[in-house]
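Descriptive structure summary
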Amino acid sequence: MSISEGLISQILKASDSIGRALQIRTKFEGTSCSIKLKDGNNDYNVFIDGRLHKIIRTTADTIYVLANGLKNKVHTLLNKETYRSTVWH
């Protein structure tokens, strides 16, 4: 099931000292999940059913597989953007 098919139940944009952050929280049913992002050079922590499942690094406008091979049931998803920060001295 693709997140871009309207499964997103909540999108939160938050500000912090680094800049913007993005979180997607939703539930999906099935054995796999993907998302289409127009993004580049960011990392996203993908949590399935409350556990870190993988980290994806975006490089282009494409479809990213968040999970596959899961049990065929309802799952929770948290996709959270993280930052690679650079400290200037």
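Residues numbered from 1 in each chain as written. Predicted model: local features only at pLDDT ≥ 70, side-chain atom pairs only at ≥ 80, totals over all residues. Heavy atoms only, no water.

**Here's the deal with the nonpolar core**
- Counting 15 residues, the largest nonpolar core has Phe28, Ile35, Val46, Ile48, Ile56, Leu66 and Leu77 as its most contacted members.
- Listing elements by their share of this core, those giving two or more residues are β2 (20-30), β3 (33-38), β4 (43-48) and β6 (61-67).
- Apart from residues lying up to four places away in sequence, isoleucine 56 is in contact with Asn42, Asp43, Tyr44, Val46, Tyr64, Val65 and Leu66. (Core = buried A, V, L, I, M, F, W, Y, C linked by side-chain atoms within 4.5 Å. Buried < 20%, exposed > 50% of the residue type's maximum accessible area, 1.4 Å probe, protein only. Helix = DSSP H or I, 4+ residues; strand = E, 2+ residues; numbered from the N terminus. Contact = heavy atoms within 4.5 Å.)

**Examining the confidence of the model for the protein chain**
- Model confidence for the protein chain is summarised by a mean pLDDT of 75, while 69% of its residues fall at 70 or above.
- Confidence drops under a pLDDT of 50 for residues 1-18, and excluding neighbours within four residues, the segment shows 35 contacts in the predicted structure. (pLDDT = per-residue confidence, 0-100.)

**Here's the deal with the pattern of salt bridges**
- Going through the model one piece at a time under the given rule, you end up with one salt bridge.
- The partner of aspartate 43 in a salt bridge is arginine 57, and the shortest N-O contact between them spans 2.8 Å. Residue aspartate 43 is located in strand β4, and its partner arginine 57 is located in strand β5 (residues 51-57); the two are separated by 14 residues in the primary sequence. (Salt bridge = Lys/Arg side-chain N within 4 Å of Asp/Glu carboxyl O.)

**Side note on unusual backbone geometry**
- A positive phi is found at aspartate 49, a non-glycine position, where the angle reads about 50 degrees.
- As for its placement among the helices and strands, aspartate 49 is situated in the loop between β4 and β5.

**Focus: the environment of tyrosine 64**
- Counting through the fold element by element, tyrosine 64 comes out in strand β6.
- For the pair tyrosine 64 and isoleucine 35, spaced 29 residues apart in sequence, the C-alpha to C-alpha distance is 5.4 Å.
- Discounting residues that sit within four places of it in the chain, tyrosine 64 has contacts with Cys33, Ser34, Ile35, Leu37, Asp39, Ile56, Arg57, Thr58 and Thr59.
- In this structure the side chain of tyrosine 64 is engaged in a polar contact, spanning 3.0 Å, whose partner is the backbone nitrogen of threonine 59. (Polar contact = N/O pair within 3.5 Å; in protein donor to acceptor, adjacent residues only side chain to side chain.)

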